[in-house]
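Coordinate analysis (summary)
Here is what each chain is made of, one letter per residue.
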Amino acid sequence: MNVLSSLLDASAKKGIFRYHPKCKRVSLTHLCFADDLLVFCHGSLDSVLGVLSTLEAFYDLSGLRLNAQKTELFACGLTDPVLQLIQSGTGFKVGMLLVKYLGVPLVTRKLSGKDCSALLTKIKEKLGKWSDKKLSYGGRLQLIKSLEMPRTVDLWNVEYKAHFSWIIARLLKMRNEAASLFCSNSNWDQIKASWIWDRIRIRGEKVCWHCLVWFPGLVPKFSLITWMAILDRLPTNDRLARFGIATDGVCGLCSSGLETRNHIFSECTFANETWCAILLLCGLNQTSLGWNDLLQWLLLNLKGKSLMVHMLMLAWIGFIYCIWEERNRRQFRGVYCSVETIVSCVKESV
């Protein structure tokens, strides 16, 4: 969400969209509420489209796309023709003011009991469902207390209370086990949870290929898919078959050979042709290599911090992502893209 916030603020400063008249003085472009987002802009089609272009740029970085069916447009002081023009250009539903969150109106004045009635009704409905579990009023009170967590007490010295939740109770029972990690004269106030975690967790060996996936300037969605590919965790047809899911097992890109991780990214003729075309754009020529040999070649050659090395690393994780995306596009949507289109997508990303 920090990336999206930065993009929206930068777009407003660059003039991609104009500030809302009431927000310009404080340079306010948006507010975040848990899983909801309010974006403020000038009431014109150009500004709304500017916001959409910023959200599209965020999609390119993260893979998270705006759902127009779940998006509402709130406007005030606009003429009907302007509002209709914006609605037709975006496909958004027009919402009615006041804006409500969890049934409570977002207003600057103090909330009244009437404002909170919808939220109170929902809470009462939840409490009412407990009667199905034959809980007495005392039982309901006990259930509420069991959800309370001690916020201002010292975890090392607090005494167990009957109303603590089972999670807190379990943590308190593990204090003796955690205390064995320290000497008897330790200062408990200075002991951090992160230190305990580092001492009790099982550390895996550092893998040699991490620099091919996680590096400065990466594209998050590219690195994530590449990471899953190296660990062989992508749901290829051979893995789906092992899970008992019926598939034909054939590669969806070249229609020959069993679709395994090694095949789809190195042995498949479509993938091979794509990778060779990408290398040619970088001024390199390479014969067909198997998956393990390709990883070794990358580890040996992609060293240092030069611009060419960085471009090749981006090109490789972009290649993995786009090949997997093309595989899914063909399998689930029946849409086919050419090698040139895939190479163009990787080139634009780099």
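Positions within a chain are numbered from 1, following the residues in the order the chain's sequence is written. With the structure being a predicted model, the display of local features is reserved for residues of pLDDT at least 70 and the display and counting of side-chain atom pairs for 80 or more, all residues being used for whole-chain, interface and lining totals. For side-chain calculations, the full set of non-hydrogen atoms in the structure is used, while hydrogens and water are omitted.

Section: empty space enclosed by the protein
Put simply, the test is: Only protein atoms enter the 1 Å grid, on which a cavity is a set of points fitting a 1.4 Å probe that cannot get out and a pocket is an open set with protein on both sides within 12 Å along at least 5 of 7 lines, lining residues being those with an atom within 4 Å of a point. Grid points are joined across faces, edges and corners, and a volume is the space filled by probe spheres set on the points. For helices the rule is a DSSP run of H or I covering at least 4 residues; for strands it is a run of E covering at least 2, with both sets numbered from the N terminus onward. Throughout this entry, Asp, Glu, Lys and Arg are counted as charged residues, while Ala, Val, Leu, Ile, Met, Phe, Trp, Tyr, Cys and Pro are counted as nonpolar. The remaining residues, Gly among them, count as polar.
This model, assessed by the stated rule, comprises one cavity of 30 Å³ or more. Here the largest cavity defines a volume of roughly 60 Å³. Only α12 (261-267) and α13 (269-281) provide two or more residues apiece to the lining of the largest cavity. Ranked by residue count, the leading element in the lining of the largest cavity is α13, at four residues. Class assignment for the residues of the lining of the largest cavity results in seven nonpolar, five polar and no charged.

Topic: the layout of surface pockets
Here the largest pocket is characterised by a volume of approximately 1,800 Å³. Leu37, Leu38, Val39, Glu72 and Phe74 are the residues nearest the centre of the largest pocket, which is lined by 46 residues in total. Broken down by secondary-structure element, the contributors of at least two residues to the lining of the largest pocket are β1 (30-33), β2 (36-39), α2 (45-62), β3 (72-73) and β5 (100-101). Considering only residue class, the lining of the largest pocket consists of 32 nonpolar, seven polar and seven charged.

Some details on the packing of helix α14 (residues 291-301) against helix α15 (residues 307-333)
Condition: The axes used here are C-alpha line fits, helices contributing only the stretch in contact, and every angle between their N-to-C directions lies in the interval 0 to 180 degrees. Reported orientations rely on four angle classes, namely roughly parallel under 35 degrees, roughly antiparallel over 145, roughly perpendicular from 65 to 115, and oblique for the rest. In this scheme the handedness of a crossing depends on how the near helix is turned from the far one: anticlockwise by less than a right angle means left-handed, clockwise means right-handed. Working rule for contacts: check all heavy atoms of both residues, and any pair within 4.5 Å makes them a contact.
The N-to-C vectors of α14 and α15 enclose an angle of 160°; their axes lie 11 Å apart at closest approach. With respect to α15, the axis of α14 lies roughly antiparallel. In this structure, α14 crosses over α15, and the sense of that crossing is left-handed. Facing Trp291, Leu294, Leu295, Leu298 and Asn301 of α14, the residues of α15 in contact are Val309, Trp316 and Ile320. Among the residues making up the contact of α14 with α15, the classes are represented as seven nonpolar, one polar and no charged.

Some details on the nonpolar core
Selection rule: Definition used in this section: a nonpolar core is a set of buried Ala, Val, Leu, Ile, Met, Phe, Trp, Tyr and Cys residues joined via side-chain atoms within 4.5 Å. A 1.4 Å probe rolled over the protein chains alone gives each residue an accessible area, and that area as a share of the maximum for its type sets the label: buried under 20%, exposed over 50%, partly exposed in between.
Core analysis: the largest hydrophobic core is formed by 46 residues, its most contacted members being Phe265 and Trp316. Every element with two or more residues in this core is listed here: α9 (210-213), α10 (220-230), α12, α13, α14, α15 and α16 (339-349). Take this core: its biggest share by element is 13 residues, from α15. With residues up to four places along the chain from it excluded, the contact list for Phe265 reads Ala229, Leu234, Ala271, Trp291, Phe319, Ile320, Ile323 and Trp324. One finds Leu4, Tyr19, Val48 and Ile86 within the second-largest nonpolar core, a separate group that totals 14 residues.

As for the pairing of β1
Filter applied, for reference: The pairing criterion is simple: DSSP has to find at least two bridges between the two strands.
Here four bridges tie β1 to β2, and the two strands are oriented antiparallel to one another. If you follow His30 over to β2, its bridge partner there is Val39. Between the end of β1 and the start of β2, which pair antiparallel, lie two residues, with Ala34 showing a positive phi angle near 50°.

What to know about unusual backbone geometry
The backbone of Asp232 shows a phi angle near 55°, a positive value even though the residue is not glycine. Relative to the helices and strands, Asp232 is located in the loop between α10 and α11 (237-242). One non-glycine residue, Ser255, adopts positive backbone phi at about 60°. Note on placement: Ser255 falls in the loop between α11 and α12. Residue classification places Ser255 among the exposed residues on the basis of a relative accessible area of 58%.

Comments concerning helix α1 (residues 2-14)
The periodicity of an α-helix, 3.6 residues per turn, causes residues three or four places apart in sequence to face the same way. Selection rule: One less than the number of residues in a helix, times 1.5 Å, gives the span that helix is expected to have. The directions considered for the arc are those from the helix axis to the C-beta atoms.
Its 13 residues place the ends of α1 18 Å apart at the C-alpha level, agreeing with the 18 Å of an ideal helix rising 1.5 Å per residue. Buried residues of α1: Leu4, Ser5, Leu8, Ser11 and Ala12, and no others. Seen along its axis, α1 keeps its buried residues to an arc of 135°; they face one direction. For α1, the exposed residues set more than 90 degrees away from the buried face come down to Asn2, Lys13 and Lys14.

Points about the packing of α13 against α15
Direction vectors running N to C along α13 and α15 enclose 150°, while the axes themselves pass 11 Å from each other. On the basis of the axis angle, α13 is roughly antiparallel to α15. Relative to α15, α13 is oriented so that their crossing is right-handed. For the pair α13 and α15, the contacting residues are Phe270, Ala271, Thr274, Trp275, Ile278 and Leu279 in the first and Leu312, Ala315, Trp316, Phe319, Ile323, Glu326 and Arg330 in the second.

Quick word on the environment of Lys13
Position of Lys13 relative to the elements: it lies in helix α1. According to the relative accessible area criterion, Lys13 is exposed, its value standing at 66%. Each C-alpha atom of the pair Lys13 and Ser27 lies 8.5 Å from the other, and the pair is 14 residues apart in sequence.

Quick word on the pattern of salt bridges
To keep things clear, this is the line we draw: The term salt bridge refers to a pairing of a side-chain nitrogen on Lys or Arg with a carboxyl oxygen on Asp or Glu at a separation within 4 Å.
Using the criterion set out here, one finds six salt bridges in the structure. Among the ionic pairs, Glu259 bridges to Arg327, the shortest N-O distance being 2.9 Å. Here Glu259, found in the loop between α11 and α12, pairs with Arg327, found in helix α15; they are 68 residues apart in sequence, far enough to count as distant. Close ionic contact of Arg330 with Glu326 constitutes a salt bridge, the shortest N to O distance being 2.6 Å. Of the two residues, Arg330 and Glu326 both sit in helix α15, four residues apart, roughly one turn of that helix. Using a relative accessible area of 11% as the deciding quantity, one classes Arg330 as buried.

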